[in-house]
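Summary of structural features
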Amino acid sequence: MHLRNYIRPVFIFVVPRPGMLFLQLLECLVHLHFSGSSSTVISESSSHMDLDGSEQDPEVKEYSPVCVGREDDIKKSKRMTAVVHDREVVIFYHKGEYHGMDIRCYHSGGPLHLGEIEEFDGRPCIVCPWHKYKITLATGEGLYQSINPRDPSAKPEWCSKGVKQRIHTVTVNNGNIYVTLSKEPFKCDSDFYATGDFKVIQSSF
């Protein structure tokens, strides 16, 4: 008698540990067995899904461009205000360029859309109507004049406090003005006044 007649195949079944995904799959199978309805198993790490099955990223939506008005209108008025993803901004049109920033001044929340544009040290700035703080249109820096106390005869110089006002991107497409909120991770002083408690705009474009 051959040895192979005494050898029987041995099958080893490995049962996975009852992790979260395994338990969800088991629950789904039981549900299908008793109800006959369809179901979807979603893992804990899945992203939020729209009703049509497409993935929606809240951060992408928050920083998507928003149409705030027409190019012809802002060229006449030189400025406009808008609410972009629940954040109030002001857009200036100055010497052929568009500039967007938070509508409230970083210092005390003054309404920048009511201020005047002036140049200091060759840099266009919006001057807050409340306390005359100077903010550069291009970068959001706060400017101030400094003097050397050891040399009273020295001429005052314009210096920067650093970026104080959050700047937003303004683009033009087919005659429409679009604003994209800043994604810069650093904290600006004007962020404090960008909350709902300090809103000044009653309606958006």
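Residues numbered from 1 in each chain as written. Predicted model: local features only at pLDDT ≥ 70, side-chain atom pairs only at ≥ 80, totals over all residues. Heavy atoms only, no water.

Within an unreviewed UniProt entry, the label attached to the protein chain reads Rieske domain-containing protein, and the organism entered is Lynx pardinus. The UniProt entry for the protein chain carries the following comment under Cofactor (unreviewed entry): "[2Fe-2S] cluster". (UniProt positions renumbered as here; feature names shortened; annotations may be inferred.)

The subject of this paragraph is the pairing of strand S3 (residues 87–94). Taken across its eight residues, S3 has eight buried, putting it largely inside the fold. Burial along S3 is two-sided: Arg87, Val89, Ile91 and Tyr93 facing one way and Glu88, Val90, Phe92 and His94 facing the other are all buried. Bridging between strand S2 (residues 79–84) and S3 involves six bridges; their strand directions are antiparallel. Residue pairing across strands places Ala82 opposite Val89, the latter belonging to S3. Between the antiparallel neighbours S2 and S3 lie two residues, among them His85 with a positive phi of about 50 degrees. Relative to strand S4 (residues 97–102), S3 is paired through six bridges, and the arrangement is antiparallel. The residue of S4 that forms the bridge with Ile91 is Gly100. Connecting the antiparallel pair S3 and S4 is a turn made up of two residues, with Lys95 showing a positive phi of about 55 degrees. (Buried < 20%, exposed > 50% of the residue type's maximum accessible area, 1.4 Å probe, protein only. Helix = DSSP H or I, 4+ residues; strand = E, 2+ residues; numbered from the N terminus. Pairing = 2+ DSSP bridges.)

Our next topic: the pattern of salt bridges. All chains considered together, the criterion is met by seven salt bridges. For the salt bridge of Arg87 with Asp102, the shortest nitrogen-to-oxygen distance reads 2.8 Å. Here Arg87, found in strand S3, pairs with Asp102, found in strand S4; they are 15 residues apart in sequence, far enough to count as distant. In this structure Arg87 comes out as buried when scored by relative accessible area, which is 18%. Where Glu119 meets Lys95, a salt bridge forms, and the shortest distance between an N and an O atom there is 2.7 Å. Here Glu119, found in strand S5 (residues 116–120), pairs with Lys95, found in the loop between S3 and S4; they are 24 residues apart in sequence, far enough to count as distant. Through salt bridges with shared partners, a single network forms among Arg87, Asp102, Arg166 and Asp191. (Salt bridge = Lys/Arg side-chain N within 4 Å of Asp/Glu carboxyl O.)

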